[in-house]
Amino acid sequence: MEKHILHNFSWGVETPYVAENEIFFRCPKDIVIQDGNIYIDAFSHVSFNTYYNIFPSKQYVKYTNIKDLNVGVVVKGKAKIEVYGIKQELAHSYEVNLLSHYFTNEVNLTIENWSKYDAVYCRLASCEDVVVLKKIFFYTKDEPTQDVKLGCCFCTYNRENYIIKNVKKIHEGIVNSQINSLIFISNNGKKINIKNNDIIHLENSDNYGGAGGFTRAALMASEMGCTHIIFMDDDIELNFESVFRTYAFYSFIASKYKNIFLSGSMFSLDEKWLQYERNTIIDNYGMHHQGHCQDLRLYGEILQNATCGLVNGVAGWWFCAFSTQHLKDYGMPLPIFIRGDDIEFSRRCNAKILSLPGICVWHEPFYKKYSEIMEDYYLLRNVLIFSFSTPQNLIEFGMRFFRNKFIRNITTWNYVALKMNMMAVEDFISGRYEANPYENHQRIVNVYNSVKKKSSVEGFVYYENQYTHIRLRKKILLFLLNFILSPSEQGVSQKGFNRRPSDFIRKREVIVYDFHKQCGEKHFFERKHLIFYITFFIKNYLCIFLRQSKFREQMLQFRKKTTTKEYWNTLLKRKVKI
């Protein structure tokens with residue numbers, strides 16, 4: 001019977017000699033990795049009870065048709081392979097040895113009773129001499145139940161180094177593994193040195209944002225007969241194994257679950273053991289990031305990620321896989337350029353989302369990419385569009401987000417962000433979101449550049465503000481005193497997500513410091529400006545709140561008109577082959 005590999009073991013991305021090893025393997029002492037092989041000293045061992053190499057048997061039993069599970073190992077030397085099953089109880093977990101076998105060079109073994117356990121992992125030990133581990137994998141002899149053709153979709157904008165490296169890696173993986181997969185690229189920026197071939201398909205485009213780029217790639221994939229697609233950011237680091245496991249999982253998925261989304265976890269590119277999130281749940285109280293800021297070197301966190309079930313939520317487009325049937329049933333993404341496009345699409349599809357260990361990417365930390373255009377124009381505008389158009393009743397979520405954005409920016413004197421907030425609300429109310437996304441983005445950038453003032457400050461030491469830890473009600477009272485009394489103190493704060501209201505209490509001047517760029521900007525308390533924005537916020541908040549039915553009707557009409565293939569092909573100026 002033919003072997004169908006489900007899960008190749010991996011022991012590194014680009015830097016296998018650093019502390020991040022523990023998300024790939026564990027060993028009692030330092031080992032050598034050379035030419036893609038692990039060298040295990042005599043009488044030592046390597047365990048794979050790690051995030052990347054643990055096998056989530058509970059999820060495979062529930063969501064696939066797999067009945068048979070085997071392990072294959074290729075080494076040089078004499079070794080011992082052990083397989084353990086992990087069972088999770090209410091307050092603890094325990095392990096049971098399922099298999100133990102001595103062998104030389106190569107072995108293939110059936111794992112009995114694997115389906116009774118929540119997760120399965122392997123441990124390889126050397127005997128009297130050094131053992132070279134070349135390959136280890138889980139496979140099944142069952143036949144695939146789904147005919148999968150996978151489209152790997154990228155949207156890129158002036159990140160040539162990233163996209164070339166990722167496309168090369170996936171292209172080589174497709175050729176070597178011979179899976180039925182293609183690569184589709186929408187290039188929204190300058191021309192890149194990638195040539196079309198039988199696997200790679202690239203189209204150049206004006207900058208219609210992530211929404212436009214991913215939609216172009218999805219249209220290309222649909223026209224080439226792909227049954228499933230993956231949306232992936234261009235500025236990520238990944239193993240091809242994430243793509244391979246996605247393909248394998250969908251090949252064996254049970255019919256009743258064939259339309260679930262697979263959401264790859266997002267890890268920090270700086271600290272490769274740190275998971276930012278695997279997926280998100282949204283309700284009227286906000287966004288709840290699942291697996292947020294987890295250290296995936298820790299056994300308990302690994303087990304939680306290996307056993308988590310389906311959620312009704314959002315799969316981020318840094319790595320999001322789904323069936324192209326969703327595009328037929330629910331339409332294409334909304335033309336809202338960037339930020340919130342993945343939220344809207346996931347909730348419109350009422351996505352049931354699953355995350356599997358080892359299907360992940362490493363992403364640049366968000367604080368390095370902070371931008372008022374993204375965070376305060378697009379995110380606010382698109383959250384309002386999403387909350388008024390989604391099939392779920394999430395209008396309160398949008399209004400709460402609107403309130404929090406304005407209040408935070410007012411209390412931190414972020415005049416550039418307030419201008420972006422004002423434009424976002426005006427565009428939402430007036431319907432300007434229907435304008436050409438490329439032209440609208442140019443307008444936003446021009447306004448941003450006109451209001452952005454830079455006054456670089458050097459030669460000071462950042463210190464912690466004395467009001468940082470006071471209670472919220474005291475912060476509000478002290479902030480209100482800024483309008484009654486003349487503030488007299490100087491202070492400092494941090495740029496971006498760490499810009500805290502408490503840093504601005506009783507201040508007339510605050511230096512906002514950018515730790516990433518190592519520079520600061522002066523910001524001043526301007527009573528007239530703040531009163532203007534407070535008045536604008538109250539007036540337009542009431543306008544939206546009192547006319548909810550009208551705005552919902554407008555959003556539904558906008559969604560119906562702009563999520564068809566015909567609309568997108570016209571907007572993107574694509575010539576469709578008939």
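Residues numbered from 1 in each chain as written. Predicted model: local features only at pLDDT ≥ 70, side-chain atom pairs only at ≥ 80, totals over all residues. Heavy atoms only, no water.

1. Some thoughts on the packing of aromatic side chains
As a reminder, the rule being used: Side-chain rings of Phe, Tyr and Trp, where Trp is taken by its six-membered ring, are said to pair if the distance between their centres is within 6.5 Å; with planes under 30 degrees apart they count as stacked, over 60 as edge-to-face, and otherwise as tilted. Secondary structure follows DSSP: runs of H or I at least 4 residues long count as helices, runs of E at least 2 residues long count as strands, and numbering of each begins at the N terminus. The cut-offs for exposure are 20% and 50% of the maximum accessible area for each residue type, with area from a 1.4 Å probe on protein chains only; residues under the lower value are buried, those over the upper are exposed, and the others partly exposed. Either the NZ atom of lysine or the CZ atom of arginine qualifies as a charge over a ring when it sits within 6 Å of the ring centre and within 35 degrees of the ring normal.
For the structure shown, the criterion picks out 46 aromatic pairs. Geometrically, the ring pair formed by phenylalanine 537 and tyrosine 541 is tilted, given 5.8 Å between the ring centres and 45° between the ring planes. One end of the pair, phenylalanine 537, and the other, tyrosine 541, are both in helix α13 (residues 527-546), four residues apart, so they sit about a helical turn from each other. The pair formed by phenylalanine 537 and tyrosine 541 is uniform in burial state, with each residue classed as buried. Among the aromatic residues, those joined into a ring-pair cluster are Phe9, Trp11, Phe48, Phe55, Tyr60, Trp114, Phe138, Phe249 and Tyr250. Note that lysine 3 overlies the ring of tyrosine 139, its terminal NZ or CZ placed 5.2 Å from the centroid. The lysine or arginine in question, lysine 135, covers the ring of phenylalanine 137, its NZ or CZ lying 5.2 Å from the ring centre.

2. Thoughts on the sheet that holds strand β19 (residues 294-295)
The strands making up a sheet are joined through hydrogen bonds of the backbone, oriented either antiparallel or parallel. Put simply, the rule is: By the convention used here, strands pair only if DSSP detects at least 2 bridges between them.
Strand order across the open sheet formed by five strands is β13-β23-β15-β16-β19, with mixed pairing between neighbours. Every other strand in the sheet has two partners, leaving β13 (236-237) and β19 as the edge strands with one partner each.

3. Quick look at a nonpolar patch on the surface
Quick note on the threshold: Patch definition: residues above 30% relative accessible area lacking any salt bridge, with like charges linked at up to 9 Å and the nonpolar side chains Val, Leu, Ile, Met, Phe, Trp and Tyr linked at up to 5 Å. The method behind every accessible area is Shrake-Rupley, applied with a 1.4 Å probe, and residues are considered shielded solely by the protein chains displayed. Counted as salt bridges are all cases of a side-chain nitrogen of Lys or Arg within 4 Å of a carboxyl oxygen of Asp or Glu.
Taken together, the side chains of Ile538, Leu542, Phe545 and Leu546 present a nonpolar region at the surface, about 410 Å² in accessible area. With respect to the helices and strands, isoleucine 538 occurs in helix α13.

4. Overview of the layout of surface pockets
In plain terms, the rule: A cavity here means a set of 1 Å grid points, computed over protein atoms only, where a 1.4 Å probe fits but cannot escape. A pocket is an open set with protein on both sides within 12 Å along at least 5 of 7 lines, and lining residues have an atom within 4 Å of a point. Grid points are joined across faces, edges and corners, and a volume is the space filled by probe spheres set on the points.
The computed volume of the second largest pocket comes to approximately 1,000 Å³. Considering the residues around the second largest pocket, the lining is formed by 32 residues, among which Asn8, Ser177, Phe240, Glu241 and Phe244 are closest to the centre. Looking at the lining of the second largest pocket, the elements with two or more residues in it are β1 (4-8), β8 (131-140), α2 (160-177) and α4 (240-252). It is α4 that contributes the most residues to the lining of the second largest pocket, seven residues altogether.

5. Remarks on the side chain of arginine 499
For clarity, the cut-off: His is not counted here, nor are the chain ends, while Lys and Arg score as positive and Asp and Glu score as negative. Should any heavy atoms of two residues lie within 4.5 Å, those residues are considered in contact.
Among the secondary structure elements, arginine 499 is positioned in the loop between β25 (489-494) and β26 (507-514). Of the buried charged residues, arginine 499 lacks a salt bridge, with glutamate 372 as the closest side chain of opposite charge at 5.3 Å. The contacts of arginine 499, once residues within four sequence positions are left out, are Arg408, Thr412, Trp413, Asn414, Ser493, Gln494, Phe504, Val512 and His523.

6. Regarding the pattern of salt bridges
This structure, assessed with the given rule, holds 25 salt bridges. Between glutamate 396 and arginine 400 there is a salt bridge, with its nearest N and O atoms 3.8 Å apart. Residue glutamate 396 and its partner arginine 400 are located together in helix α9 (residues 395-411), separated by four residues, close to a single helical turn. Residue classification places arginine 400 among the partly exposed positions, given a relative accessible area of 25%. Close ionic contact of aspartate 514 with lysine 495 constitutes a salt bridge, the shortest N to O distance being 3.9 Å. Of this pair, aspartate 514 sits in strand β26 while lysine 495 sits in the loop between β25 and β26; the two residues are 19 residues apart in sequence, bridging distant segments of the chain. A relative accessible area of 28% means that lysine 495 is categorised as partly exposed. Counted as one network, the salt bridges with shared partners bring together Arg159, Asp234, Asp235 and Lys369.

7. Topic: the side chain of glutamine 59
Cut-off, in case you're wondering: Here a polar contact is taken to be a pair of N or O atoms separated by no more than 3.5 Å, where protein atoms must pair a possible hydrogen donor with a possible acceptor and residues adjacent in sequence count only if both atoms sit in side chains.
Checked against the element boundaries, glutamine 59 lands in helix α1 (residues 57-63). The class for glutamine 59 is buried, based on a relative accessible area of 1%. A polar atom in the side chain of glutamine 59 sits 3.4 Å from the backbone oxygen of serine 355. If near-sequence neighbours (up to four positions away) are discounted, glutamine 59 is found in contact with Thr64, Asn305, Ala306, Thr307, Cys308, Leu354, Ser355, Leu356 and Pro357.

8. Here we look at the nonpolar core
Under the convention used in this document: Each nonpolar core is a collection of buried residues, namely Ala, Val, Leu, Ile, Met, Phe, Trp, Tyr and Cys, held together in the definition by side-chain atoms within 4.5 Å.
With 96 residues, the main nonpolar core has Val73, Ile81, Leu133, Ile170, Ile183, Met232 and Val243 as its most contacted residues. Looking at which element gives the most residues to this core, the answer is strand β5 (residues 70-88), with eight residues.

9. Let's talk about the packing of helix α8 (residues 372-389) against helix α14 (residues 548-562)
To be explicit about the condition: Whenever a helix is involved, its axis is fitted only over the stretch in contact; in every case the axis is a line through C-alpha atoms, and angles between N-to-C directions fall within 0 to 180 degrees. An angle counts as roughly parallel when it lies under 35 degrees, as roughly antiparallel when it exceeds 145, as roughly perpendicular when it falls between 65 and 115, and as oblique in every other case.
Between α8 and α14, the shortest axis-to-axis distance is 8 Å and the interhelical angle comes to 95°. Considered as vectors, α8 and α14 are oriented roughly perpendicular to each other. The segment α8 lies against α14, with Ile385, Phe388 and Ser389 engaging Gln548, Phe551, Arg552, Met555, Leu556, Phe558 and Arg559.

10. Comments concerning the pairing of strand β21 (residues 319-323)
In terms of residue burial, β21 counts as a mostly covered element, since five of its five residues are buried. The side-chain alternation of β21 yields two buried faces, one formed by Phe319, Ala321 and Ser323 and the other by Cys320 and Phe322. In terms of strand pairing, strand β12 (residues 228-233) meets β21 through five bridges, oriented antiparallel. Residue pairing for β21: isoleucine 229 is matched across the bridge by phenylalanine 322.

11. A few points about the packing of α8 against helix α11 (residues 437-451)
The condition is simple: Working rule for handedness: look at the near helix, and if it is turned counterclockwise from the far one by less than a right angle, call the crossing left-handed; if clockwise, right-handed. In this count, Pro and Cys sit with the nonpolar residues alongside Ala, Val, Leu, Ile, Met, Phe, Trp and Tyr, while Asp, Glu, Lys and Arg are called charged and the others, Gly among them, polar.
Running from amino to carboxyl end, α8 crosses α11 at an angle of 130°, the nearest separation of the two axes being 11 Å. With respect to their mutual orientation, α8 and α11 come out oblique. Crossing handedness for the pair α8 and α11: right-handed. Along its contact with α8, which presents Glu372, Ile373, Met374, Tyr377, Tyr378 and Arg381, the element α11 presents Asn440, His441, Arg443, Ile444, Val445 and Tyr448. A breakdown of the residues in the contact of α8 with α11 according to their chemical character gives seven nonpolar, two polar and three charged.

12. Details of the sheet that holds strand β10 (residues 181-187)
In space, the eight strands of this open sheet follow the order β11-β10-β9-β12-β21-β14-β22-β20, with mixed pairing throughout. Edge strands, defined here as strands with exactly one partner in the open sheet, are β11 (200-204) and β20 (311-312). Examined bridge by bridge, strand β14 (residues 261-263) and β21 share two bridges and lie antiparallel to one another. By the bridge assignment for β21, leucine 262 is matched with alanine 321. Here α4 sits on the sheet in contact with β9 (150-156), β12, β14, β21 and β22 (352-354), set at roughly 20° to β21.

13. Some words on α13
Helical periodicity: at 3.6 residues per turn, an α-helix aligns residues three or four positions apart in one direction. Quick reminder of the rule: Helix span, expected: 1.5 Å multiplied by one less than the number of residues in the helix. To be clear, the arc concerns the directions from the helix axis to the C-beta atoms.
Taking 1.5 Å of rise per residue, the 20 residues of α13 would be expected to cover 28 Å, and the 29 Å separating its terminal C-alpha atoms lies within 8% of that figure. Looking at α13, one finds that the buried residues are Leu530, Tyr533, Phe536, Phe537, Asn540, Tyr541, Cys543 and Ile544. Along the axis of α13, the buried residues cluster in a sector spanning 160°; they form a single face. Across α13 from its buried face, at more than 90 degrees, point the exposed residues Lys528, Lys539 and Leu546.

14. Some remarks on the state of the cysteines
Spelled out, the test is: Cysteine sulfurs are considered disulfide-paired once they come within 2.5 Å of each other.
A full pass over the atoms with the stated rule returns zero disulfides. Cysteine 152 carries a free sulfur, and the closest cysteine sulfur to it, the one in cysteine 153, is 7.5 Å from it. The exposure class assigned to cysteine 152 is buried, which follows from its relative accessible area of 0%.

15. Regarding α11
The end-to-end C-alpha distance of α11, which contains 15 residues, comes to 21 Å, matching closely the 21 Å that a straight helix rising 1.5 Å per residue would cover. Those residues of α11 not exposed but buried are Pro437, Asn440, His441, Arg443, Ile444, Val447 and Tyr448. When α11 is viewed along its axis, its buried side chains cluster within an angular range of 160° and face the same direction. Exposed positions of α11 whose direction lies more than 90 degrees from the buried face are Glu439, Asn446 and Ser450. Where α11 begins, the capping side chain belongs to asparagine 436, and its oxygen is found 2.9 Å from the backbone nitrogen of tyrosine 438.

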